[in-house]
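Tertiary structure, described
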Amino acid sequence: MPAYKNNTGRWYCAFYYKDWTGKRRKKKKESFATKREALEWEREFLDKYAGTPEITFTALAKAYLESAKLRLKPQTYYTKRNITRNHLLPFFGEMVIGTIDRRAINRWREELLRAGYKTTYLRTIHAQLSSILNYAMEYYGLPSNPSEAVGGFSKHTVEKMDFWTLEEFQRFAMAALQLPHHIMAFYLLFWTGMRVGEMLALTWDDVDFETNSISITKTLYRLQKTSYVSTTKTISGDEAHHHYAALHRRDAAGLPALIGLHKRGAHHPHHPRRPAEETP
């Protein structure tokens, strides 16, 4: 690995290397004060970049998202696209993917931590970066995934979910629930634990009055002012049907009373009423 001195007395290195496609390329770097500095730079370049992809992260992300759009549900695709646009491209966009190392990822992580996002969301963002770099390994010859070497955000800092107690729900029901369809909706959500989208996608075919159970097989979501119904997250053989008891067993009225009140416009027998207002 020779180094050369130019007419101004500064040193430079000029050498050939093979890129990630196997093509032979020439590289030149000038303006070193000493021959030793020029040779060290050449050695570091060959160790770090020779044989690694030269595509930018922006171009890689575009290819990844085009592929993901064909494979994923619209809601999942748009979530990945938005995370990539908002949290990955601003930092990594113009970087050549072969130059993204653990130090760069650590700087990016520090920026996210300073932004104050919740740990669960930080882990989602990190997983998206890892997915894109795994795509680069599979299709663009990236030797390794530096985000996996760094690791994700600590699980120990994940905030616990804050659930309503029965007393808290009863206070909410007393203060806010009066219309039959509101009562039905919130009682279903509280007593079964189903998600809002799962509840909104329910049809009468999902209701079994003999066993007082509900089959959860689909979910409704809104995307760009359009409603979609898709399968639930976990669909695997017999797991396609998730049965929820309609109400806690202490509620003797059960599912028929809860569903029936929506059809009759009646008051659920276990829903607390507001005290009657005194008449003058």
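Residues numbered from 1 in each chain as written. Predicted model: local features only at pLDDT ≥ 70, side-chain atom pairs only at ≥ 80, totals over all residues. Heavy atoms only, no water.

1. Side note on helix α2 (residues 57–71)
How we decide: What counts as a helix is a DSSP run of H or I of at least four residues, what counts as a strand is a run of E of at least two, and both are numbered from the N terminus. Expected span of a helix: the number of residues minus one, times 1.5 Å. Categorising residues by exposure relies on relative accessible area from a 1.4 Å probe, with only protein chains included: less than 20% of the type maximum marks a residue as buried, more than 50% marks it as exposed, and the intermediate range marks it as partly exposed. Note on contacts: a residue pair is in contact if any heavy atoms of the two residues lie within 4.5 Å.
Between its first and last C-alpha, α2 extends 21 Å over 15 residues, near the 21 Å set by a 1.5 Å rise per residue. Turning to α2, its buried residues are F57, L60, A61, A63, Y64, L65 and A68. Contacts made by the buried residues of α2 are with α3 (74–92) and α5 (119–139).

2. Some details on the pairing of strand β2 (residues 11–18)
Selection rule: Note: two strands are recorded as paired if DSSP finds a minimum of 2 bridges between them.
The pairing of strand β1 (residues 4–5) with β2 spans two bridges and is classified as antiparallel. Pairing of Y4 across the sheet is with Y12, part of β2. Hairpin connection between β1 and β2: a loop of five residues separates the two successive antiparallel strands, and G9 in this loop has a positive phi of roughly 90 degrees. Looking at chain direction, β2 and strand β3 (residues 24–32) are connected through seven bridges and run antiparallel. Of the residues in β3, the one forming a bridge with Y16 is K26.

3. With respect to the packing of aromatic side chains
Where we set the bar: To pair, rings of Phe, Tyr and Trp, with the six-membered ring standing in for Trp, must have centres within 6.5 Å; the planes then decide the type, stacked if under 30 degrees apart, edge-to-face if over 60, and tilted in the middle. Remark: a charge is flagged as sitting over a ring if the NZ atom of Lys or the CZ atom of Arg is within 6 Å of the ring centre and within 35 degrees of the ring normal.
Per the counting criterion, the structure on display carries 18 aromatic pairs. Centroid distance W204 to F209: 6.3 Å. Interplanar angle 20 degrees. Geometry classified as stacked. Of the residues examined, F209 reaches a relative accessible area of 42% and is grouped as partly exposed. Note that R24 overlies the ring of Y16, its terminal NZ or CZ placed 3.9 Å from the centroid.

4. Here's the deal with the packing of helix α4 (residues 102–115) against α5
Which entries qualify depends on this criterion: As a rule, the C-alpha atoms of each element are fitted with a line to give its axis, helices using only the stretch in contact, and angles between N-to-C directions run from 0 to 180 degrees. Orientation categories follow fixed angle ranges, with anything under 35 degrees roughly parallel, anything over 145 roughly antiparallel, 65 to 115 roughly perpendicular, and all other angles oblique. In this scheme the handedness of a crossing depends on how the near helix is turned from the far one: anticlockwise by less than a right angle means left-handed, clockwise means right-handed. Residue classes follow a fixed rule: Ala, Val, Leu, Ile, Met, Phe, Trp, Tyr, Cys and Pro count as nonpolar, while Asp, Glu, Lys and Arg count as charged, and any other residue, Gly among them, counts as polar.
It is at 11 Å that the axes of α4 and α5 come closest, and there the two elements cross at 150 degrees. Here α4 is positioned roughly antiparallel relative to α5, judged by the angle of their axes. Judged by the sense of rotation from one axis to the other, the crossing of α4 with α5 is right-handed. Where α4 approaches α5, its residues I105, W108, R109, L112 and L113 are matched on the opposing element by L122, I125, H126 and L129. Of the residues belonging to the contact of α4 with α5, the class tally is seven nonpolar, one polar and one charged.

5. Some remarks on the sheet that holds β1
Sheet architecture is open: three strands sit in the order β1-β2-β3, paired in antiparallel fashion. This sheet does not close on itself; its edge strands, each paired only once, are β1 and β3.

6. Here we look at the pairing of strand β7 (residues 226–231)
Sheet topology places strand β6 (residues 218–223) next to β7; six bridges connect them, and they run antiparallel. Paired with L220 across the strands is V229, a residue of β7. Connecting β6 to the next strand, β7, in antiparallel fashion are two residues, including Q224 with a positive phi near 55 degrees.

7. Details of the nonpolar core
What counts is decided by this rule: By convention a nonpolar core is built from buried Ala, Val, Leu, Ile, Met, Phe, Trp, Tyr and Cys residues, the set being connected through side-chain atoms within 4.5 Å.
F57, L60, F92, I97, W108 and L129 are the most contacted members of the largest nonpolar core, which totals 31 residues. Of all the secondary-structure elements, those providing two or more residues to this core are α2, α3, α4, α5 and β6. For L129, the residues in contact, after removing those within four places along its chain, are F57, L88, F92, I105, W108 and S147. Grouped together as the second largest cluster of nonpolar side chains are nine residues, W11, F15, L39 and F45 included.

8. Some details on the pattern of salt bridges
What counts is decided by this rule: A pairing counts as a salt bridge when a side-chain nitrogen of Lys or Arg comes within 4 Å of a carboxyl oxygen of Asp or Glu.
In total, this model carries six salt bridges according to the counting rule given. We note a salt bridge from R195 to E198, for which the minimum N-O separation is 3.0 Å. Among the ionic pairs, D206 bridges to K218, the shortest N-O distance being 2.6 Å. With D206 in the loop between α9 (196–200) and β4 (207–208) and K218 in strand β6, this residue pair connects regions lying twelve residues apart in the sequence. Of the two residues, D206 and K218, neither departs from the other in class, the shared state being buried.

9. What about the packing of α2 against α5?
Interaxial distance between α2 and α5 falls to 10 Å at its minimum, and their mutual angle equals 95 degrees. It follows from the interaxial angle that α2 and α5 lie roughly perpendicular. Contacts from F57, L60, A61, A63, Y64 and S67 in α2 reach Q128, L129, S131, I132, L133, Y135 and A136 in α5.

10. As for the environment of T203
With respect to the secondary-structure elements, T203 resides in the loop between α9 and β4. T203 sits 13 residues away from I216 along the chain, and the two C-alpha atoms are 10.0 Å apart.

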